[in-house]
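Close look at the chain arrangement
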Number of protein chains: 4
Amino acid sequence: MYSFKNDYCEGAHPALLKALVESNMQQEEGYGYDTFTKEAIRLLKEKIQNPDIDIHFLNGGTQTNLTAISAFLKPHHAVIAPHTGHIFVNEAGAIEATGHKVITVPGYNGKLKPEQVEAVLAAHPDEHTVRPKLVYISNPTELGTIYKKDELRALKEVCTKNNLYLYVDGARLGSALMSAENDMTLAEFAAYPDAFYIGGTKNGALMGEALIIQRDELKEDFRYSMKQKGAMLAKSRLLGIQFTELFKGHLFWDLADHANLMAQRLQDGLAANGVTFLVQASTNQLFPVLSDQLIEELQKKYSFYIWQRVNEKTSAIRLITSWATREEKVDQFIADVKAIKNRIEKKQTSFA
Amino acid sequence: MYSFKNDYCEGAHPALLKALVESNMQQEEGYGYDTFTKEAIRLLKEKIQNPDIDIHFLNGGTQTNLTAISAFLKPHHAVIAPHTGHIFVNEAGAIEATGHKVITVPGYNGKLKPEQVEAVLAAHPDEHTVRPKLVYISNPTELGTIYKKDELRALKEVCTKNNLYLYVDGARLGSALMSAENDMTLAEFAAYPDAFYIGGTKNGALMGEALIIQRDELKEDFRYSMKQKGAMLAKSRLLGIQFTELFKGHLFWDLADHANLMAQRLQDGLAANGVTFLVQASTNQLFPVLSDQLIEELQKKYSFYIWQRVNEKTSAIRLITSWATREEKVDQFIADVKAIKNRIEKKQTSFA
Amino acid sequence: MYSFKNDYCEGAHPALLKALVESNMQQEEGYGYDTFTKEAIRLLKEKIQNPDIDIHFLNGGTQTNLTAISAFLKPHHAVIAPHTGHIFVNEAGAIEATGHKVITVPGYNGKLKPEQVEAVLAAHPDEHTVRPKLVYISNPTELGTIYKKDELRALKEVCTKNNLYLYVDGARLGSALMSAENDMTLAEFAAYPDAFYIGGTKNGALMGEALIIQRDELKEDFRYSMKQKGAMLAKSRLLGIQFTELFKGHLFWDLADHANLMAQRLQDGLAANGVTFLVQASTNQLFPVLSDQLIEELQKKYSFYIWQRVNEKTSAIRLITSWATREEKVDQFIADVKAIKNRIEKKQTSFA
Amino acid sequence: MYSFKNDYCEGAHPALLKALVESNMQQEEGYGYDTFTKEAIRLLKEKIQNPDIDIHFLNGGTQTNLTAISAFLKPHHAVIAPHTGHIFVNEAGAIEATGHKVITVPGYNGKLKPEQVEAVLAAHPDEHTVRPKLVYISNPTELGTIYKKDELRALKEVCTKNNLYLYVDGARLGSALMSAENDMTLAEFAAYPDAFYIGGTKNGALMGEALIIQRDELKEDFRYSMKQKGAMLAKSRLLGIQFTELFKGHLFWDLADHANLMAQRLQDGLAANGVTFLVQASTNQLFPVLSDQLIEELQKKYSFYIWQRVNEKTSAIRLITSWATREEKVDQFIADVKAIKNRIEKKQTSFA
C-alpha cells in the first residue's frame, strides 16, 4: 500500500533530523529565545528581503490561523474567505470558536475575486451585521491552484481601499512559489499580505509554520497571543532548528520542487491515458476524475481521498505528492491506471 | 554558563531521536491514527492498568490544560485552583480566554486542601456567581511538593461529594511519582483524577503530553476539541514515537529518577553548606535561599530564576534539574557556593 | 410620515403600561423572583399545557438567541440554519461571538427542509469539521412564511433521529399562530421544539421575550447563563408584569390578530391594484414588488425598508404591520399606491 | 414586611412612567435612533460639559460592564480590580466569559490604590502572564465608600503613565456624587475615566445605564459590540425617555439625594442607639454590625442581606435606601432596633 493521501505521511527530511540530533545536548533558552529560532528568523528576513517583519514559529496550520486571526481582530470583526477555504471547511470551527464569523463566497477554482470582497462589504453595511475586516485566502488554494501576481495585487488593492487585512494561508506556499505557473519570488509575494505563513509541516518538517507579520499594528504583543492559545513551544529549538535547515540553503525550495515535479509527472502520465481533471492545477495536488470501478481497484494498492462524486459512475479523487514521493511509485500508479482501464474496457467490450 | 533554569534546556533523550530517525520514511496516517500513537496508547493503558480510559497526545502543558478544561466545562463553570497553580500564574490567561474564571485560594506549599474547596463552594451559592465545577491541582506542585495518597483521596472525596471534576496537571508527574516521599504507583495515582496529563516535555521528550480521561462524560468528542484548539498534530507520529519510547520500558521513570537524584544531591550539598530552603521539596525543583551577593556571583557561571525576595539581603532562587543534568555540574555548583560563601564571609570578617 | 418599517415603532399596548403604573410602588424581589414573573410563568405553563417546562424572560431577540444557544451547546457544536435565519443575517455575529459556527443552507421561502439537515450532517462527518447539534428555525420566518404542523413534525423527527436540538425563534410567534394558514395551537406547536421563545417586543410589549425550555438536559443552571450574558434584569417585574398582561386573557392573541388582519388588508388592497409579491406570506410582513419610481413617491409619505432589487426597474419593499397599525393608514397607503401608479402610467402613455 | 434589601425594589419614579405613557403611540425609530435617545444624549453631554464624548444606553450593569470591557480589550488583556469589585464577585464570571482575566488586589474599604495597580503590573512582566490593560473601580464602591478627587486623579495618573484604561462602574454614581463627602461635580468626575457609566436602574429608572466613552480609540464601532452582545434594545425609546426625564431637570440628583438622606438618617438613628458599622460610608448603603439575635428579630419585619459574620455572635447586615425609601419606615426601623435591643438587654440582665 502506497499513500498519495497527503504530504505528511513521512517524517521529516533527513537533514532536519540530523540537525536535531547534532544539537541535541546543547543547552538552549526556551519559548522562542533559542539561538536556532533567532537564526531561522534572520534567514527568513533575508529571503523575504525585509528586516521590518515579525516572524513567529507555530506548530501547525489550524493553530497558526486561529492564533493569528484572533489576535488581529476585534470581537465584532469577521473574516471573508472563499467557501473552499481551509478555515471554513476543515478546522473544526476554530475561527468561530475564537468568536469570529467566517463569511464565505463561492470562489472560482478555490480563489477569491476582488469584486466578491466588495459584494460582501456591501451586504454588511451596519451594526446589525458583523464588520468584515480580514480577507483569508490560501496560496496554493485547497484545489491546488495558485494566485498570479496580478490577482494578488488586485486583492491587496481592494483590501487597502477598504481598510481590510489580507492574510494568506501558506500551508503549501513552497509548492505555490515553485509552480511552473507562478510569477512571483518569495520577496515579491511577501510584499502583498499583511500577514501570511510559510508551511513547514507539508514541506518536509516534522511540524512547524513560520508566521510573517508585516503590518505594524498587527505585531504588538503577538507572543502573548501565542502563549494564551497554547501555541508556544517550551523547546522552541525544535522549530528553530528545522526552519534553519530548510532556509539556510535551497532545501525548502528543492523539497517543494520535487513535490511539484512528481505531481506533474503523475498528471502527464494520467492525461496520456485519457484521464481528465476536476481542476487544472500546477502544484502538488491533483484531482483526477475516474470511474468508480477504477477507483475501487486502485484502493487495493494505494491510499488517497475520494474528493467528490462527479456523476453516477465517476468521482474525483485527490492525489497529493510530497518531498518524499518516490518516482517509481508515481510511474507504477500510472501503469496501474492504464492496466486497470484496459482490463475494464475489455470486460465491457466482451459484455457488449 | 550551565543552566539550572528549567528541565527543557536540552533536546530529547537520544533514544527518542533514534526512534524518530529509524521510522522516518515509514508512511503513516496522521492526526492520531498512526501506528505509533496506537502503540503508545496501548502501553499507557497497560501501565495505568485501566483499559477504559481515553488517551490523547497534545503538544504542551498550556495547550493541554486549556483544551481539556474548556472541553470539560460549560460556559458558567469555573475552576478552583491554589493561587500558585500554573494555569493561574503562567499561562497568559489561557483558561479565562476560553471563558472560564479561575478561583484561587492560598494553598499550602502549593497544595490545595479539601476544606478550601468547600469554602469556595460556600462563597459561590447562586447564579450571581459562577459555578465552581473543576478542581485543578498540579502534582508535583509548582513549588516542587507532592500530594500523598491520603491528600489526593481526600480531595477526590470532596469532589465526588460536590459533583466536581478533579483534574491534575502532571507536567512533571514522573518526578512526583519517583519522589522518595511518594506513596503511589502510576496506577494508584491514576484512579483519583477524572482527567490528568503525564508530561513529556519536561521529562525527556522534544514535546508532548499524554492526556488521560477517565470519567466517561468527559470523553465524548474530545478529538473535536483538540482540532478546534489547534492541538492536533498532522504528523502525530512525532508524539506517538516519543511516548512509545518513554513507556515501552523504564525510560520515563529512569529519566525522572535521574532528575530527582540530581536535585537531592544538590539539596544535600547546599544544606551541608548551611543553605536553607523556601519549601521542603522532594522532586526536581529546589528553592534555596541565598544572599543577593552570592546570587550575583553564581549568575556569572549558572543560569537560573530568581524566585522571590525573602528579605532585604536574601532571595530564593529556583534550581531545576532534569534527565539531562550532569552530576559534575551539580558538584561544581555546590563547590562554587561553598567557595563564594567563604570568600564573602572572609571579606565581611576582614571589614569587621 | 407613517411607518410600516417594523413592528416596534410604538411603545407598548396601553394595558401593559397601565399595569406598570398601578403596581409601581409595590416592593418586589428582583432577578426573576418577583410575584409578577411567577404569575406570568404560571399563565404560560397553563397556555402551553405543560407544567414541566422552564420559562425565563429575557430582554430581546438577539439576547435570547445568544444566551440560549450558547448555554445549550458545547464548544465544538454548531448550529444549522436557513441562510435567511435572523441569527445568521442580522445579529452582528452574536452566535459566532459565543464560539459557535452557524452552518447555513439555502432554505425555501425562509424555511428549512429535513433533507437539508441531513445533507449538512453528511458534510460534517468527523473532527476536522464542527459537529452540528442544534437546528435553528424561525416561525414565522424572516420572509413572513410559517411552518405547518407537518413541516415542523418532519423537522423534529430528523432532529430526534440525529440527536439534534430543535430551537425555534419566535420573535413574531403570535403572528404565526394567528395566521390564517396556521394549523397548530400554542400547545400543539410547543410540543415540537426543545426550546423556543415567544416574542413580546414585536407584539405589544416595551421589550421582552419568553424563553421556553422543554428538554430536561437544557434546563440546568440556565439562570447562570442569563446572569453571565447580562440578560437578567434587576427589576424583572418589568417583564413579569407585561407578560402577565399579555397572557392573563386574550391580549397577546388579539394584538397578533390585528397585525395579521392589517397585513391581509394591505395585501388584498395592493393585489387588487395589480401589485405582485416576492413571497406569499400570511403573517404581518409583506414584500410587494414595485417600480422604483413608485417606491420613490411612497417614501415621501411612508417609511419602510427596501428589501432587494428584483430587476432593473423594480424592487421588493418590506411592509410590516403591528398591533398598533391604524386601519386608515393602511387604506391610505393602498389609495396612494393606486393614485401614484395611475399618474405614472398616464405620464408614460403621454410620452409614448 | 418592608425591604431595605436593595435600591430596585420598586418600579420607576412616576415622572418616568408618565413620560412613557404620554409618548406611547408616537412612532419612533429603533435601536438608539429615536428622538428621545438623541435628546438624552444631548442633555448628558451638556451636564458633562463635553461634546466629544460618545454615549450609549444599555439595559443593566452586568451587561454594560461586559459589553464595554470586551469591546475595549484585546484577547490577551486583563482587568485590574479591587477584590470587592462587582465584576469579580457578583456578575457570574461575565468578564471572564468574554475571555478576560480579572486580577484582584485586596483594596481598602472597597477602593483601589495607585500603588496596588503598579504592583500588579510588576507581577505581570511578560507573555507568560496576561497583560493588565484596564483598571476597574466602582464609585461608590460595593461597600458604599466613594473616591475623592485626589484619589481619582492619582489613579488616573498611574493609568496614564502605564497606558492603562480607567473604567468606572457607576451603578450608583448619583449617590456618590450627592454624598456629603464628595468633592466633584459630574463634569469634574467625568474628566478622569476613559469610560464610565451612570446607573439608572438603581436610581429610579425601570432599567438602563448610560455608558460614557471619552477616549477616542474606545469609541469606534461600539454599536457593533452592543448588538453582538444582545445589548441593543429595539424600542430604545424606553431608555431614551427615562434618561431624558432623569436629566432634563434635577430629578436624577434629587432621587440620589433622597436615598443618601435616608441612609444618613438611618445611620444617625442607629449610631444613637449604640450601633457600630463595618465601614464608614456616605452613600446609600450601610453595613451595621448587629447581634445575631437582633438580626433574627428584625428579619420578621424587614428584608435585607446578611453581609458577613463579624464574630461568633454578631454579623454585619447590608441596608440599602433608595429614591423610594419612606422616611417613616426608616424611623420605624430605628425604633424597632432600639426596642429589640432594650428587650434583649433586659433579658440578659434578668438572667445575670
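Because the structure is a prediction, the values reported are computed rather than measured.

With respect to the relation of the copies chain B and chain A
When chain B is fitted to chain A, the residual RMSD is 0.0 Å, and the transformation amounts to a turn of 180° plus an axial shift of 0.0 Å. Taken together, the rotation and translation relating the two chain copies correspond to the operation of a two-fold axis.

Considering the interface of chain B and chain A
Taken together, the contacts link 47 residues of chain B with 47 residues of chain A. At the boundary of chain B with chain A, total buried surface from both sides reaches about 3,900 Å², with 56% on carbon and sulfur atoms. Between chain B and chain A we count two salt bridges in total. A salt bridge links Lys5 of chain A to Glu29 of chain B; the nearest nitrogen and oxygen atoms lie 2.8 Å apart. Applying the counting criterion to the chain B and chain A interface returns 26 residue pairs in polar contact (both at pLDDT 80 or more). When contributions to the side of chain B that touches chain A are tallied by element, the ones reaching two or more residues are strand E1 (2-3), helix H1 (14-22), helix H3 (61-72), helix H5 (94-97), helix H10 (222-228) and helix H11 (237-248) of chain B. No other element matches the four residues that H1 of chain B contributes to the side of chain B that touches chain A. Its residues placed into classes, the side of chain B that touches chain A shows 24 nonpolar, 14 polar and nine charged.

Focus: the domain arrangement of chain A
Residues and elements named next belong to chain A. The domain architecture assigned to chain A consists of domain 1 (14-249) and domain 2 (252-351). Distance between the C-alpha centres of domain 1 and domain 2: 30 Å. Contacts between the two partners involve 25 residues from domain 1, matched on the other side by 17 residues from domain 2. Summed over both sides, the interface between domain 1 and domain 2 buries roughly 1,900 Å², with carbon and sulfur atoms accounting for 60% of that surface.

Some remarks on the UniProt feature "domain: Aromatic amino acid beta-eliminating lyase/threonine aldolase" (unreviewed entry) in chain A
UniProt records the feature "domain: Aromatic amino acid beta-eliminating lyase/threonine aldolase" (unreviewed entry) for residues 17-290 of chain A in the present numbering. Annotation note: span residues 17-290 of chain A, helix share 41%, strand share 16%, distance between end C-alpha atoms 38 Å.

Description of the interface of chain D and chain C
Between chain D and chain C, the residue contacts involve 47 residues of the former and 47 residues of the latter. Where chain D abuts chain C, roughly 3,900 Å² becomes buried across the two surfaces, and 56% of that area is made up of carbon and sulfur atoms. The interface formed by chain D and chain C holds two salt bridges in total. Taken together, the links from chain D to chain C amount to 26 residue pairs in polar contact (both at pLDDT 80 or more). Breaking the side of chain D that touches chain C down by element, the ones donating at least two residues are strand E1 (2-3), helix H1 (14-22), helix H3 (61-72), helix H5 (94-97), helix H10 (222-228) and helix H11 (237-248) of chain D. A per-class count over the side of chain D that touches chain C returns 24 nonpolar, 14 polar and nine charged.

Rules behind the numbers
- Residues numbered from 1 in each chain as written.
- Chains lettered and ligands numbered in written order.
- Predicted model: local features only at pLDDT ≥ 70, side-chain atom pairs only at ≥ 80, totals over all residues.
- Heavy atoms only, no water.
- Least-squares fit on C-alpha atoms with pLDDT ≥ 70 in both.
- Contact = heavy atoms within 4.5 Å.
- Buried area = accessible area lost by both parts, 1.4 Å probe.
- Salt bridge = Lys/Arg side-chain N within 4 Å of Asp/Glu carboxyl O.
- Polar contact = N/O pair within 3.5 Å; in protein donor to acceptor, adjacent residues only side chain to side chain.
- Helix = DSSP H or I, 4+ residues; strand = E, 2+ residues; numbered from the N terminus.
- Nonpolar A, V, L, I, M, F, W, Y, C, P; charged D, E, K, R; others polar.
- Domains from an automatic or database assignment.
- UniProt positions renumbered as here; feature names shortened; annotations may be inferred.

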